[in-house]
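Structural overview for review
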Amino acid sequence: MTTLWDTTGSAVVKELAAQRRTGGAVLSGVALTLVVVADESRVTEAEEAATHAAEAHPCRVLIVVRRQIDAPVPRLDAEVQIGGRLGPGEAVVMRMYGRLALHAESVVLPLLAADAPVVTWWDGTPPDRIGTDALGVFADRRITDSSLAEDPIATLRVRAEDYAPGDSDLAWTRSTAWRAVLASTLDSVSGRRSDAVEVHGGRIEGDPGNATAQLVAGWISSRCGCPVEVVQGSCDPGPSGIEAVALQLDRDEHLEVRADHRGGAVISQPYRPDSTLALPERPLGDLLSEELRRLDPDEPYSEALEATTGLSGLSDRAKVREHVWFDPAGGDRAAGQEAVTS
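So, a few notes on the structure that sits alongside this text.

The rules behind these values
Residues numbered from 1 in each chain as written. Predicted model: local features only at pLDDT ≥ 70, side-chain atom pairs only at ≥ 80, totals over all residues. Heavy atoms only, no water. Helix = DSSP H or I, 4+ residues; strand = E, 2+ residues; numbered from the N terminus. Rg over C-alpha atoms; globule rule 2.2 N^0.38 Å. Contact = heavy atoms within 4.5 Å. Areas by Shrake-Rupley, 256 points an atom, 1.4 Å probe, with all protein chains shown as cover. Salt bridge = Lys/Arg side-chain N within 4 Å of Asp/Glu carboxyl O. Buried < 20%, exposed > 50% of the residue type's maximum accessible area, 1.4 Å probe, protein only. Pairing = 2+ DSSP bridges. Right-handed = clockwise from strand over helix to strand, strands pointing away. Arc of directions from axis to C-beta. Core = buried A, V, L, I, M, F, W, Y, C linked by side-chain atoms within 4.5 Å.

**Quick notes on the overall build of the protein**
Helix and strand counts for the protein stand at 10 helices and 14 strands. For the protein, the C-alpha radius of gyration of 22 Å lies close to 20 Å, the compact-globule estimate for 342 residues. Its C-alpha atoms give the protein principal-axis dimensions of about 70 × 45 × 35 Å. Within the protein, residue pairs in contact and separated by at least 24 positions form 71% of the contacts whose partners lie at least 6 positions apart. Carbon and sulfur atoms make up 49% of the accessible area of the protein, which totals about 15,200 Å².

If you want it as structure tokens, here you go:
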């Protein structure tokens, strides 16, 4: 690892190139560039998650820490690593001070891996309008986490209003295990019947203020065309916000999947004994790694977001965003628009 204090973007590029020349075959096969935007208080967590994801998806990791935007003198401190604590590949941690933090793309753009997709992940509260952050404008995929907001449900509405194909949310990714269990259980019922299953309604017990629980309700509603509500449960539902899912099926049958709080779920379905499947809580690195497996638009997520927020036509929006410059000190987000190629 090489640490560059009070440096410049060109010096970081030269140092990365110098280390690449001595790294040899270790650096071949980079699949994408992962740009991580994190606050100083969360940078350790973000580094651990990015390292875990880089082990499964060879990528160049660029971590941007915007510090002291109001500092009087712009400054850049950078750590350039190859095969270090941030995984086997290339990684650069950049701490930016002053007005430079508002133009982080000027440092990041020359560091992107050539001819590789770009994924930007905000480990913290993302901008209300991603177009105001150039790090999101030039990305092929943009990952946020509504669960980190003070009001996750209101944040889902913001994400829907600002949605563009290629956006995703770790609140949605946390629901993967629940969605898989529900889909496989309905397939089991269909197999017993040798006929399709119709879902006429249902409810989710858990935390109504949890973004993941609301997105699962939206997913069921969008797929089955029936209302699904999230009601307050009696126990701590964990990060997913879901304690149990109960569905009312046709033929007067009922199905329930309930977390057992031991890393599993108890499945109750008609004409079969209760069974238990694994339903573990997944670390942040696993969630990020799952999102990096696909770089195309996540249509099931957009459909679930539509059903949750009541908005429509999300997947029909343009994929290319337009950069909207604004100065946080001025507070005017609409001033001075300029188009940026995504």
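**Observations regarding the pattern of salt bridges**
Evaluated as defined, the whole model comprises 28 salt bridges. Here Glu 90 makes a salt bridge to Arg 60, at a shortest N to O gap of 2.4 Å. With a gap of 30 residues between them, Glu 90 in strand 5 (residues 90-97) and Arg 60 in strand 3 (residues 59-66) connect regions that are remote in the sequence. Assessed through its relative accessible area of 8%, Arg 60 is described here as buried. A salt bridge links Asp 133 to Arg 66; the nearest nitrogen and oxygen atoms lie 3.1 Å apart.

**Side note on the environment of Pro 280**
Mapped onto the secondary structure, Pro 280 falls in the loop between strand 14 (275-278) and helix 9 (284-291). The class of Pro 280 is partly exposed, set by a relative accessible area of 49%. Each C-alpha atom, one on Pro 280 and one on Leu 62, is 30 Å from the other, the two residues being 218 residues apart in sequence.

**Regarding the pairing of strand 9 (residues 199-206)**
Inspection of the sheet shows strand 9 paired to strand 11 (residues 242-249) by seven bridges, in the antiparallel sense. The residue of strand 11 that forms the bridge with Glu 205 is Ala 244. The pairing of strand 9 with strand 10 (residues 228-232) spans five bridges and is parallel. When the bridges of strand 10 are listed, Gly 206 appears paired with Gln 232. Crossover connection from strand 9 via helix 8 (residues 211-224) to parallel strand 10: handedness right-handed.

**So, the pairing of strand 4 (residues 75-82)**
The element strand 4 is largely enclosed, with a buried count of six among its eight residues. By the bridge criterion, eight bridges tie strand 4 to strand 5 in an arrangement that is antiparallel. Note that in strand 5 the partner of Arg 75 across the bridge is Tyr 97.

**Quick notes on helix 5 (residues 152-161)**
Buried within helix 5 are the following residues: Pro 152, Thr 155, Leu 156, Arg 159 and Ala 160. On an axial view of helix 5, the arc spanned by its buried residues comes to 145 degrees, and they lie on one face. The elements touched by buried residues of helix 5 are strand 7 (141-144), strand 8 (167-169), helix 8 and helix 10 (299-309).

**Comments concerning the nonpolar core**
Counting residues in each nonpolar core, the largest one holds 36 residues, and the members touching the most others are Leu 182, Ile 204, Ile 220, Val 245, Leu 247, Val 257 and Leu 305. The biggest single contributor to this core is helix 8, with seven residues. Among all residues touching Ile 204, those that are not within four sequence positions of it are Ala 213, Val 216, Ala 217, Val 228, Glu 229, Val 230, Val 231, Ile 242, Ala 244 and Val 245. Ranked by size, the runner-up nonpolar core spans 26 residues in total, among them Met 94, Ala 101, Ala 104 and Val 118.

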